[in-house]
Amino acid sequence: MEDLLNTKTHPSSLNPKPRVITVANQKGGVGKTTTAINIATCLAEMGNEVLVVDFDPQANATSALGVDPGSFSTSIYEVILENVEMHECIIKTEWPSLSLAPANSDLSGAEIELVSAFNRERFLKTAIESVITEYDYVFIDCPPSIGLLTINALTAAGEVLVPIQCEYLALEGLGQLLSNVEKIKTHLNEKLHISMIALVMFDARTKLAAQVVDEVRGHFGETVCNQIIPRSVRLSEAPSFGQPIIYYDSKCRASIAYRALAREISSGS
């Protein structure tokens with residue numbers, strides 16, 4: 001398992017740009033989409049060209065970035081299963097340097113349609129490779145399960161970012177994720193590794209949250225990011241307004257934390 005983890009090398013030296021990062025956790029409700037879009041937005045604010053690929057049929061990343069899942073004619077589904085060029089589905093968001101490959105409910109049928117497809121695990125990789133020179137970072141938000149969509153997301157990436165909530169049963173399902181990443185590394189994508197574990201939903205009022213932080217750091221060492229994301233009402237509100245947290249409330253604790261986490265991911269400091 002150790003070769004899956006970036007335990008000693010700074011992200012900036014181990015993972016040169018462009019960086020393709022899949023945000024994954026098989027446990028639902030851990031802030032996966034929130035983490036993906038907010039780190040992406042903060043990196044764009046820093047001057048990087050960033051693409052978010054919404055590869056989850058729930059399309060939460062699409063709506064959280066202010067795009068109505070019914071407002072576009074071409075989505076990532078058409079790219080994967082109807083041979084549409086990747087650049088035809090990409091939307092420039094209203095925020096500088098941040099683009100989106102959107103999803104809608106059509107993607108829910110992709111798991112079944114991919115089953116009989118040739119080279120079915122590499123469809124997303126091929127699509128991203130066609131536009132990768134235009135971006136410094138690509139973030140892939142995938143479903144909280146291991147099916148063909150998540151396998152595509154992991155095959156397309158060089159890195160995995162795992163958000164872990166600072167709550168009871170935080171490590172539930174993580175062993176299975178590590179096992180699946182190992183299998184994909186062995187059979188489909190030898191460059192894949194877990195480069196970062198981000199601690200999110202931290203409630204400083206509880207002893208449990210601090211215990212979870214200690215437990216995760218004890219298990220995964222320097223792979224765990226230094227910056228912790230606090231639980232925040234403002235952070236929970238932002239997606240319903242279709243805004244990343246740094247534009248919804250630029251000075252709240254969550255905005256400050258996500259900016260710091262983005263700097264850490266970018267520079268390894």
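Note that this is a predicted model, so its numbers are computed, not measured.

**Concerning the sheet that holds strand β6 (residues 159–165)**
Reasoning step 1: Strands sit in the order β3-β4-β2-β5-β1-β6-β7 across an open sheet of seven strands; the sheet is mixed. Every other strand in the sheet has two partners, leaving β3 (91–92) and β7 (193–200) as the edge strands with one partner each.
Reasoning step 2: The pairing of strand β1 (residues 19–23) with strand β5 (residues 137–141) spans five bridges and is parallel. Directly across from Val23, in β5, lies its bridge partner Asp141.
Reasoning step 3: The strands touched by helix α2 (residues 32–45) within the sheet are β1, β2 (50–54), β4 (98–101), β5, β6 and β7, with β5 carrying the most contacts at an inclination of about 165 degrees.
Reasoning step 4: The sheet contacts of helix α13 (residues 253–267) involve β1, β5 and β7, and relative to β7 the element is tilted by about 165 degrees.

**Thoughts on the pairing of β1**
Reasoning step 1: With five of five residues buried, β1 lies mostly within the body of the structure.
Reasoning step 2: Of the two faces of β1, the one lined by Arg19, Ile21 and Val23 and the one lined by Val20 and Thr22 are each fully buried.
Reasoning step 3: Two strands pair when backbone bridges link them, and β1 and β6 are joined in this way by three bridges, in the parallel orientation. Residue pairing in the sheet places Val23 in a bridge with Leu161 of β6.

**A word on unusual backbone geometry**
With the exception of glycine, most residues fall at negative phi, and the peptide bonds are largely trans.
Reasoning step 1: Across the junction of Lys17 and Pro18, the peptide omega takes the value -5 degrees, indicating a cis bond.
Reasoning step 2: Examined against the element boundaries, Pro18 turns out to sit in the loop between α1 (11–14) and β1.
Reasoning step 3: We note that Ala59 has phi near 60 degrees; this positive angle belongs to a residue other than glycine.
Reasoning step 4: Tracing the backbone through its elements, the reader meets Ala59 in the loop between β2 and α3 (60–64).
Reasoning step 5: Here the phi dihedral of Asn83 falls at roughly 60 degrees; this positive angle occurs in a residue that is not glycine.
Reasoning step 6: If you trace the backbone, Asn83 turns up in the loop between α4 (76–81) and α5 (86–89).

**Comments concerning the pattern of salt bridges**
Reasoning step 1: Tallied over the full model, the rule gives nine salt bridges.
Reasoning step 2: In this structure, Glu167 and Arg231 form a salt bridge, with 1.8 Å as the shortest nitrogen-oxygen distance. You can see Glu167 sitting in the loop between β6 and α9 (174–187) and its partner Arg231 sitting in the loop between α10 (207–220) and α11 (233–237), a full 64 residues away along the chain.
Reasoning step 3: Overall, the relative accessible area of 24% leaves Glu167 in the partly exposed class.

**Side note on α13**
Reasoning step 1: The first and last C-alpha atoms of α13 sit 21 Å apart over 15 residues, in line with the 21 Å expected at 1.5 Å per residue.
Reasoning step 2: Burial runs high along α13: 11 of the 15 residues are buried.
Reasoning step 3: Among the residues of α13, Ala254, Ser255, Ala257, Tyr258, Arg259, Ala260, Leu261, Ala262, Glu264, Ile265 and Ser266 are the ones counted as buried.

**Observations regarding the packing of aromatic side chains**
A ring pair, where both rings are aromatic, is described by two values, the distance of the centres and the angle of the planes.
Reasoning step 1: Summed over all chains, the structure comprises three aromatic pairs.
Reasoning step 2: Ring plane angle 20 degrees and centroid distance 6.2 Å describe the contact between Tyr137 and Phe139, whose orientation is recorded as stacked. For the pair shown, Tyr137 and Phe139 are each scored as buried.

**Overview of the nonpolar core**
Reasoning step 1: In this structure, Val53, Ile76, Met86, Leu124, Ile128 and Ile140 are the most contacted members of the largest nonpolar core, which totals 54 residues.
Reasoning step 2: Among residues more than four places away in sequence, those in contact with Leu124 are Val53, Phe55, Ile76, Ile80, Ile140, Asn152, Ala153 and Ala156.
Reasoning step 3: Judged by nonpolar contacts, the second largest core, of 40 residues, contains Ala44, Leu65, Ala254 and Ala262.

**Regarding the packing of α2 against α13**
Reasoning step 1: Packing of α2 against α13 leaves a shortest axis separation of 9 Å and a crossing angle of 75 degrees. What the angle tells us is that α2 and α13 run roughly perpendicular. The segment α2 lies against α13, with Thr34, Thr35, Asn38, Ile39, Cys42, Leu43 and Glu45 engaging Tyr258, Arg259, Leu261, Ala262, Ile265 and Ser266.
Reasoning step 2: Here the contact of α2 with α13 is composed, by residue class, of seven nonpolar, four polar and two charged.

About the thresholds
Residues numbered from 1 in each chain as written. Predicted model: local features only at pLDDT ≥ 70, side-chain atom pairs only at ≥ 80, totals over all residues. Heavy atoms only, no water. Pairing = 2+ DSSP bridges. Helix = DSSP H or I, 4+ residues; strand = E, 2+ residues; numbered from the N terminus. Contact = heavy atoms within 4.5 Å. Axes fitted to C-alpha atoms, helices over the stretch in contact; angles between N-to-C directions. Buried < 20%, exposed > 50% of the residue type's maximum accessible area, 1.4 Å probe, protein only. Salt bridge = Lys/Arg side-chain N within 4 Å of Asp/Glu carboxyl O. Expected span 1.5 Å × (residues − 1). Phe/Tyr/Trp six-rings, centres within 6.5 Å; stacked < 30°, edge-to-face > 60°. Core = buried A, V, L, I, M, F, W, Y, C linked by side-chain atoms within 4.5 Å. Parallel < 35°, antiparallel > 145°, perpendicular 65-115°, else oblique. Nonpolar A, V, L, I, M, F, W, Y, C, P; charged D, E, K, R; others polar.

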